[in-house]
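# Overview (structure and organization)
Take a look at the letters that make up each chain.
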Amino acid sequence: MDDPHDRSDRFELIAATDGDLLERVADSVLAEDPDLRVLQEPRPQLVMQRVREPVERRPFNLGEVVATPAEVSLDGARGFAMVPGKAERAAFAGAVVDAAVAADHAVADDVVEALSDTAEAHEAERRREWAESRHTTVEFETMEDDP
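The structure contained in this document is the topic of the report that follows. Everything numeric here is computed off the predicted structure, so don't read it as measured data.

What counts as what
- Residues numbered from 1 in each chain as written.
- Predicted model: local features only at pLDDT ≥ 70, side-chain atom pairs only at ≥ 80, totals over all residues.
- Heavy atoms only, no water.
- Patch = residues over 30% accessible without salt bridge, like charges linked within 9 Å, V, L, I, M, F, W, Y side chains within 5 Å.
- Areas by Shrake-Rupley, 256 points an atom, 1.4 Å probe, with all protein chains shown as cover.
- Salt bridge = Lys/Arg side-chain N within 4 Å of Asp/Glu carboxyl O.
- Lys, Arg positive; Asp, Glu negative; His and termini not counted.
- Charge placed at Lys NZ, Arg CZ, Asp CG, Glu CD.
- Helix = DSSP H or I, 4+ residues; strand = E, 2+ residues; numbered from the N terminus.
- Axes fitted to C-alpha atoms, helices over the stretch in contact; angles between N-to-C directions.
- Parallel < 35°, antiparallel > 145°, perpendicular 65-115°, else oblique.
- Left-handed = near helix turned anticlockwise from the far one by under 90°.
- Contact = heavy atoms within 4.5 Å.
- Nonpolar A, V, L, I, M, F, W, Y, C, P; charged D, E, K, R; others polar.
- 1 Å grid on protein atoms, 1.4 Å probe; cavity = no way out; pocket = protein on both sides within 12 Å on 5 of 7 lines; lining within 4 Å.
- Points joined across faces, edges and corners; volume = space filled by probe spheres on them.
- Phe/Tyr/Trp six-rings, centres within 6.5 Å; stacked < 30°, edge-to-face > 60°.
- Buried < 20%, exposed > 50% of the residue type's maximum accessible area, 1.4 Å probe, protein only.

## Overview of a negative patch on the surface
On the surface, Asp104, Asp109, Asp110, Glu113, Asp117 and Glu120 cluster together into a patch of negative charge. Positionally, Asp104 belongs in the loop between helix 3 (88-102) and helix 4 (108-134).

In structure tokens, the structure reads:
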């Protein structure tokens, strides 16, 4: 399972979390009236999506996708988020959520719980999809000349 305390995992969880949930969690952080500075306004942009090809495991550029990054400083801790699509509010909320965990904010435990719920929901969805598609697996037999 992804660990919301690990920053790389947290970035992935924030990107996968529903924007409305991110906003509710960020609102609970901001309700405490922390020292907040916006370092990068959320603005949609094109970014290159890199993937690893499965055979030789080499990275390659799949193509450009629209994503919205944002960065904040919350009580001295920096927070960053990049969410898919044109989603300024979700990106800002994600940056606040990242900073809240990094700063060990008063509601950080609630933030971690919300992100953990996202991780569990995604794992359950992955298992459901695998179980659904598993019966479509194709096995190939080859006929080769035996020496």
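## Quick word on the packing of helix 2 (residues 19-30) against helix 3
Across the interface, helix 2 lies against helix 3 with an axial gap of 8 Å and an inter-helix angle of 50°. In terms of their interaxial angle, helix 2 and helix 3 are classed as oblique. Read as a crossing pair, helix 2 and helix 3 show a hand that is left-handed. Of the residues in helix 3, those touching helix 2 at Gly19, Leu22, Glu23, Val25, Ala26, Val29 and Leu30 are Arg89, Ala90, Phe92, Ala93, Gly94, Val96, Val97 and Ala100. For the contact of helix 2 with helix 3, the per-class residue count stands at 11 nonpolar, two polar and two charged.

## Some thoughts on empty space enclosed by the protein
Scanning the model with the defined rule gives one cavity of 30 Å³ or more in all. In this structure, the largest cavity spans a volume of roughly 30 Å³. As for the largest cavity, its lining consists of Thr17, Leu22, Val25, Val97, Val111, Ala114 and Leu115. Elements that contribute at least two residues to the lining of the largest cavity include exactly helix 2 and helix 4. Broken down by element, the residue count for the lining of the largest cavity peaks at three residues, all from helix 4.

## As for the packing of aromatic side chains
Counted by the stated rule, this structure contains one aromatic pair. For the ring pair Phe11 and Phe80, a centre distance of 5.9 Å and an interplane angle of 80° mean the geometry is edge-to-face. With Phe11 in helix 1 (residues 7-16) and Phe80 in strand 4 (residues 77-84), this pair connects stretches of sequence that are 69 residues apart. We classify Phe11 as partly exposed; its relative accessible area is 30%.

## Regarding the environment of Leu13
If you trace the backbone, Leu13 turns up in helix 1. Residues Leu13 and Ala114 lie 101 residues apart in sequence; the distance between their C-alpha atoms is 9.7 Å. In this structure Leu13 touches Asp2, Pro4, Leu115, Thr118 and Ala119, once residues within four positions along its chain are discounted.

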